Amino acid sequence: MLRIDELEFAYDTHQVIRCVSFEAHSGEVIAVVGANGSGKTTLFNLITGGYKQSKGTIFINDQNTKQLSSWDRSQLIAYVPQNPDPPQGFTVGELVMMGRNPYLSLIDWGKSEDFAIAEKALLKTGLSDYIDQPLDHLSGGELQSAFIAMALAQETEILLLDEPTSNLDLRNQAVLMSMVHQLSRENETTVIMAMHDLTLAAQWCDKLVMLLNGSVFAEGPPEIVLTADNINLVYDTEVEVEYSRKGNKPIIFSKQN
């Protein structure tokens, strides 16, 4: 379980994260939403240890992450940034094996169990037939899946995805979100995604954390968070909210003038 308690962070004098608190449980899929500049990516960098908070605490299974080495943290948290840059000359299989690095020594190229874990990650992401495929031969959706497979090979309790669907078409968005949702349930992985597409987040996520100016403005199930009033205020735009016949999930429309 991930627990964030009164987290704060500033770039010099510019306060970016203000007293953020929320919890994420095993097997839960959470979307962090908010307008550009609301602090989503900064929050992820704080969770991974890329940035150091000025105040507050991040706990994983009740352990303060400040007490963890970067090595220990990499065995608990996997992070796929927005538009990850694929290493030149690598194949899909080689990229996924990089996910085993937190468990290997400098002279250890991987044991049979590490290769088995990588193969399992490829299977779960539908990339088994792509193991020898160069990364620069992949489509956008295939490349995103390859990086998620690498993250799965880390076998962490927490998976962070920063805008995982931003460059995907409608079909590949649905394929990726379905895959992530299934993986969270099968592996009891805590999945936290920064997302812009509110309708997509409502369809696939158990809970939303809505940020406004670096603070938690609303938190809870999609139907509670994604009201027209909340969206109008946080995004400074007029919307209408309807609900799907299946599952009663919010669907967001720009309001016609």
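Numbers given for residues are sequential positions, taken from 1 along each chain in its written order. With pLDDT at 70 or above as the cut-off, local features in this predicted model cover only qualifying residues; side-chain atom pairs require 80 or more to be listed or tallied, and sums for whole chains, interfaces and linings still use all residues. Side-chain metrics rest on all non-hydrogen atoms present in the structure, leaving aside hydrogens and water.

**Let's talk about the environment of K66**
In this description a helix means any DSSP run of H or I spanning at least four residues, a strand means any run of E spanning at least two, and both kinds are numbered starting from the N terminus. With respect to the helices and strands, K66 occurs in the loop between β5 (63-64) and α2 (70-74). Considering only alpha carbons, one finds K66 and K52, 14 residues apart in sequence, at a separation of 8.9 Å. Ignoring any residue separated from it by four or fewer positions in sequence, one finds K66 in contact with Q53 and R73. Note on definitions: a residue-residue contact is assigned when non-hydrogen atoms from the two residues lie within 4.5 Å.

**Structural notes on the nonpolar core**
Buried Ala, Val, Leu, Ile, Met, Phe, Trp, Tyr and Cys residues form a nonpolar core when they are joined through side-chain atoms within 4.5 Å. The rule is simple: take the accessible area with a 1.4 Å probe, protein chains only, and divide by the maximum for that residue type; under 20% is buried, over 50% is exposed, in between is partly exposed. Residues M193, C205, M210, L226 and I231 are the most contacted members of the largest nonpolar core, which totals 52 residues. Top element by residues in this core is helix α5 (residues 140-153). It accounts for nine residues. When near neighbours in sequence (up to four residues on either side) are disregarded, L226 contacts L198, A202, L208, M210, I231, V241, P250 and I252. Counting 26 residues, the second-largest nonpolar core is a separate cluster that includes F9, L46, I47 and I60.

**Here's the deal with the sheet that holds β5**
The pairing criterion is simple: DSSP has to find at least two bridges between the two strands. Taken in spatial order, the four strands of this open sheet run β2-β1-β4-β5, and their pairing is antiparallel. For this open sheet the edge positions go to β2 (14-24) and β5, each flanked by a neighbour on one side alone. Of the pairings in the sheet, the one linking strand β1 (residues 2-11) to strand β4 (residues 55-60) comprises five bridges and is antiparallel in character. Its bridge partner being in β4, I4 is matched across the sheet by I58. In this description, a line fitted to the C-alpha atoms serves as the axis of each element, helices being fitted only across the stretch in contact, and the angle between N-to-C directions of two axes falls anywhere from 0 to 180 degrees. Sitting on the sheet, helix α1 (residues 40-48) is in contact with β1, β2 and β4, with an inclination near 115 degrees to β1.

**Considerations on the environment of D12**
Secondary-structure assignment places D12 in the loop between β1 and β2. Among the residues examined, D12 registers a relative accessible area of 81% and is labelled exposed. For the pair D12 and V92, spaced 80 residues apart in sequence, the C-alpha separation works out to 40 Å.

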